[in-house]
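Chains, contacts and geometry: an overview
For reference, the chains in residue letters:
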Amino acid sequence: FPSHDKVTGYWTVLDAQGNEASGVVVTVKARQASRGSAGALHNAATRTATSAANGLVQFTNMIPGWKYSVVANDEYVADFTVPADAVTSVELGSIVARLT
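Residues numbered from 1 in each chain as written. Predicted model: local features only at pLDDT ≥ 70, side-chain atom pairs only at ≥ 80, totals over all residues. Heavy atoms only, no water.

1. Description of the overall build of the protein
- Assigned secondary structure in the protein consists of 0 helices and 7 strands.
- Secondary structure elements of the protein, listed N to C terminal, follow the sequence β-β-β-β-β-β-β.
- Relative to its 100 residues, the protein shows a buried fraction of 32%.
- Within the protein, residue pairs in contact and separated by at least 24 positions form 59% of the contacts whose partners lie at least 6 positions apart.
- For the protein, the exposed area adds up to about 6200 Å²; of that, 48% sits on carbon and sulfur atoms. (Helix = DSSP H or I, 4+ residues; strand = E, 2+ residues; numbered from the N terminus. Buried < 20%, exposed > 50% of the residue type's maximum accessible area, 1.4 Å probe, protein only. Contact = heavy atoms within 4.5 Å. Areas by Shrake-Rupley, 256 points an atom, 1.4 Å probe, with all protein chains shown as cover.)

Printed below as a string of structure tokens:
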């Protein structure tokens, strides 16, 4: 996959009052290639990031159309798919999780 086929996916982490939450540990892991994908063997290792003061948490080198799982503060939350038409940077779909 050429580098232009990878994107940075991000979320803004919010607390129970809807304010940006810093210090939340979020982990993603590649789960499934997009339908029709060929020629790639993706490392299934987990990648972890911590939300910044503005709540931003981001992951580079995500592949559009691929499914990932997300874990927040050591609790499995959900699977999500990076939009197939994503270019460069993409806000990932909203997810509800217990963050404390």
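2. Quick notes on the sheet that holds strand E5 (residues 67-72)
- Within the open sheet, the 4 strands sit side by side as E3-E2-E5-E6. Their pairing is antiparallel. Among the strands making up the open sheet, the edge pair consists of strand E3 (47-50) and strand E6 (75-81). On average, each strand axis in the sheet is inclined to that of its neighbour by 25 degrees, with strand direction left out of account.
- Pairing analysis gives 6 bridges linking E5 to E6, with the strands arranged antiparallel. When the sheet's bridge partners are listed, Ala72 is paired in E6 with Glu75. (Pairing = 2+ DSSP bridges. Axes fitted to C-alpha atoms, helices over the stretch in contact; angles between N-to-C directions.)

3. With respect to the sheet that holds strand E7 (residues 89-91)
- Strands sit in the order E4-E1-E7 across an open sheet of 3 strands; the sheet is mixed. Because the sheet does not close on itself, it has two edges, and the strands there are strand E4 (56-62) and E7. Ignoring strand direction, the axes of neighbouring strands in this sheet form an average angle of 25 degrees.
- Direction of pairing for strand E1 (residues 7-12) relative to E7: parallel, over a ladder of 3 bridges. Note on E7: the bridge partner recorded for Thr8 is Ser89.

4. Re the side chain of Ser69
- Checked against the element boundaries, Ser69 lands in strand E5.
- When its relative accessible area of 7% is taken as the criterion, Ser69 is described as buried.
- If near-sequence neighbours (up to four positions away) are discounted, Ser69 is found in contact with Thr27, Val28, Lys29, Arg31, Tyr76, Ala78, Asp79 and Phe80.

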